[in-house]
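Here is how the chains run, residue by residue.
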Amino acid sequence: MNLNNIVIVLARPEEPRNIGAVCRAMANSAIHTLRIVGKKESIDAEKVRILAIHASPIFDRAEFFSSITEACADCVCAAGTTRRRGKKRKGKLFLPEEFAQFAQSVTSPGGKAAVVFGNERTGLDDSELQECTMGVTIPSSEEFGSLNLSHAVQILCYTLFRHRGPDSGGERNSSGYTPIDRKRLSSTVTSIADNLQKIGFFSRAGRSDMELFWRDILSRAALSEREARYLQAIFDKAAGLASKK
C-alpha cells in the first residue's frame, strides 16, 4: 500500500484541538494528506498546534473544500465512517481491516483512497454519507458506541499502516494500470444513465438513485481508463440498437 495516496477528510470539524489530535494520529501512521470540509479562517490554528505538537505541518499543508465531493474528486473511492446502519447509509459497511485490503488494491497502482470523518457531535449525516462511495464502521460497545474523532482516525490510520507491506510509498505500479478518480468516474456514470434513460429503463425521477448505484459499485471496481471507455461504449451501443428497433 502506498500511504502517500491515503487521504484523510474531516467534514465540518468544530474543535481545533481535535484537529490537532487527528494530525498526530496521522503522523503516527505515516499518513500526511489532510483535507477539511470547511473554512480555514474559522479554525484557531494555535489550538490545533497544542495537541498536534510536531505533527502540526500536516495541518499547515491541509487543503480546504466546500463539500466532501470536492474534497474527494481526485480519489478512486471515498469511505465514509459511520456506526449507524440504514437505507440511506450504504448497504454494506466495511470493517477497518476489510477497507484496508481494498485501499491496498487502489493505492498501490497509484490511485488515491479517502477516508471521511464527520463532525464530532453528529458524525456524517445521510446526505454526507451519500457523497461517499462506501461505508466503514469501527465495532464498539452498544453501551457507548460513539468514538472520539481522533480515536476513530487513529484506528483507521493504524489499520492502514499495518497493511502497508514492504512498498509503503513511491512503489512502482505492479498492476499495470492506475484506477480512474471520482471526477472521471462521474462522466462514465452520467453516460450510463443517459443511455439507460434513452431506452426507458427508468423514469426521470429514478435517475439519481440509479446514478448513485453505478457510482458506488464502479468505485469499488476501481476501473482503469480503458475499462471506463469500454463500459461506456457498451451502453452507447445498447442504446443505439434499442433506438433502431
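Use the structure listed above.
All of these numbers come straight from a predicted model, not from anything done at the bench.

Remarks on the overall build of the protein
Part 1 of the reasoning: A tally of helices and strands in the protein yields 10 helices and seven strands.
Part 2 of the reasoning: Taken against the 2.2 N^0.38 rule, which gives 18 Å for 245 residues, the C-alpha radius of gyration of the protein at 19 Å falls within 12% of a compact globule.
Part 3 of the reasoning: Projected onto its principal axes, the C-alpha coordinates of the protein cover approximately 70 × 40 × 35 Å.
Part 4 of the reasoning: The 245 residues of the protein split such that 47% are buried.
Part 5 of the reasoning: Taking contacts inside the protein between residues at least 6 apart in sequence as the whole, the part at least 24 apart equals 84%.

Section: the sheet that holds strand β5 (residues 93-94)
Part 1 of the reasoning: Here we have seven strands laid out as an open sheet, ordered β3-β2-β1-β6-β4-β7-β5, and parallel in their pairing. A single partner strand is all that each edge strand has here, and the edge strands are β3 (63-65) and β5.
Part 2 of the reasoning: Across three bridges, the pairing between strand β2 (residues 33-37) and β3 is parallel. Paired with I36 across the bridge in β3 is F64.
Part 3 of the reasoning: The sheet contacts of helix α1 (residues 16-28) involve β1 (6-11) and β2, and relative to β2 the element is tilted by about 155 degrees.
Part 4 of the reasoning: In the packing of helix α5 (residues 96-107) onto the sheet, the strands contacted are β1, β4 (77-81), β5, β6 (113-117) and β7 (134-136), and the crossing angle to β6 comes to about 145 degrees.

Examining the pairing of β2
Part 1 of the reasoning: Counted residue by residue, β2 has four buried out of five residues, so it is predominantly covered.
Part 2 of the reasoning: Regarding topology, α1 serves as the crossover connection from β1 to the parallel β2, and that connection is right-handed.

Quick look at the nonpolar core
Part 1 of the reasoning: Counting residues in each nonpolar core, the largest one holds 42 residues, and the members touching the most others are I8, L10, L34, F99 and V153.
Part 2 of the reasoning: In terms of residues, this core owes the most to one element, helix α7 (residues 149-162), which gives six residues.
Part 3 of the reasoning: If sequence neighbours within four positions are ignored, V153 has contacts with I8, L10, V22, A25, M26 and F117.

Topic: the pairing of β4
Part 1 of the reasoning: When you tally the buried positions in β4, you get five out of five residues, the bulk of the element.
Part 2 of the reasoning: Residues C77, A79 and T81 point to one face of β4 and A78 and G80 to the other, with burial holding for every one of them.
Part 3 of the reasoning: The pairing of β4 with β6 spans four bridges and is parallel. Looking at the pairing, A78 lines up with A114 of β6.
Part 4 of the reasoning: One ladder, built from three bridges, connects β4 with β7; its direction is parallel. Note on β7: the bridge partner recorded for G80 is G135.

Some details on the packing of α5 against α7
How two helices pack is summed up by the angle between their axes together with the distance between the axes.
Part 1 of the reasoning: Running from N to C, α5 and α7 point in directions that differ by 50 degrees, and their axes come no closer than 9 Å. On the basis of their axis angle, the class for α5 and α7 is oblique. The hand of the α5/α7 crossing is right-handed. Residues P96, E97, F99, A100 and A103 of α5 form the contact with α7, whose participating residues are L156, T159 and L160.
Part 2 of the reasoning: Among the residues making up the contact of α5 with α7, the classes are represented as six nonpolar, one polar and one charged.

Some remarks on the pattern of salt bridges
Part 1 of the reasoning: Applying the stated criterion to the full structure yields 13 salt bridges.
Part 2 of the reasoning: Linking R49 and D60 is a salt bridge whose minimum nitrogen-to-oxygen distance equals 2.7 Å. Of this pair, R49 sits in helix α2 (residues 45-52) while D60 sits in helix α3 (residues 56-60), and the two are 11 residues apart along the sequence.
Part 3 of the reasoning: Under the relative-accessibility criterion, R49 is labelled partly exposed at 30%.
Part 4 of the reasoning: For D60, a relative accessible area of 39% puts it in the partly exposed group.
Part 5 of the reasoning: Note that R229 is salt-bridged to E225, the shortest N-O span being 3.3 Å. Taken together, the residues R229 and E225, both in helix α10 (residues 225-244) and four residues apart, mark about one turn of the helix.

Quick look at helix α9 (residues 207-221)
Part 1 of the reasoning: Its 15 residues place the ends of α9 21 Å apart at the C-alpha level, agreeing with the 21 Å of an ideal helix rising 1.5 Å per residue.
Part 2 of the reasoning: Taken residue by residue, α9 has R207, M210, W214, R215, D216, L218 and S219 as its buried positions.
Part 3 of the reasoning: Among the structural elements, β4, α5, α6 (126-130), α8 (182-198) and α10 are those in contact with the buried residues of α9.
Part 4 of the reasoning: Immediately beyond the C-terminal end of α9, within one or two residues, lies A222, with a positive phi of roughly 50 degrees.

Rules used in this analysis
- Residues numbered from 1 in each chain as written.
- Predicted model: local features only at pLDDT ≥ 70, side-chain atom pairs only at ≥ 80, totals over all residues.
- Heavy atoms only, no water.
- Helix = DSSP H or I, 4+ residues; strand = E, 2+ residues; numbered from the N terminus.
- Rg over C-alpha atoms; globule rule 2.2 N^0.38 Å.
- Buried < 20%, exposed > 50% of the residue type's maximum accessible area, 1.4 Å probe, protein only.
- Contact = heavy atoms within 4.5 Å.
- Pairing = 2+ DSSP bridges.
- Axes fitted to C-alpha atoms, helices over the stretch in contact; angles between N-to-C directions.
- Right-handed = clockwise from strand over helix to strand, strands pointing away.
- Core = buried A, V, L, I, M, F, W, Y, C linked by side-chain atoms within 4.5 Å.
- Parallel < 35°, antiparallel > 145°, perpendicular 65-115°, else oblique.
- Left-handed = near helix turned anticlockwise from the far one by under 90°.
- Nonpolar A, V, L, I, M, F, W, Y, C, P; charged D, E, K, R; others polar.
- Salt bridge = Lys/Arg side-chain N within 4 Å of Asp/Glu carboxyl O.
- Expected span 1.5 Å × (residues − 1).

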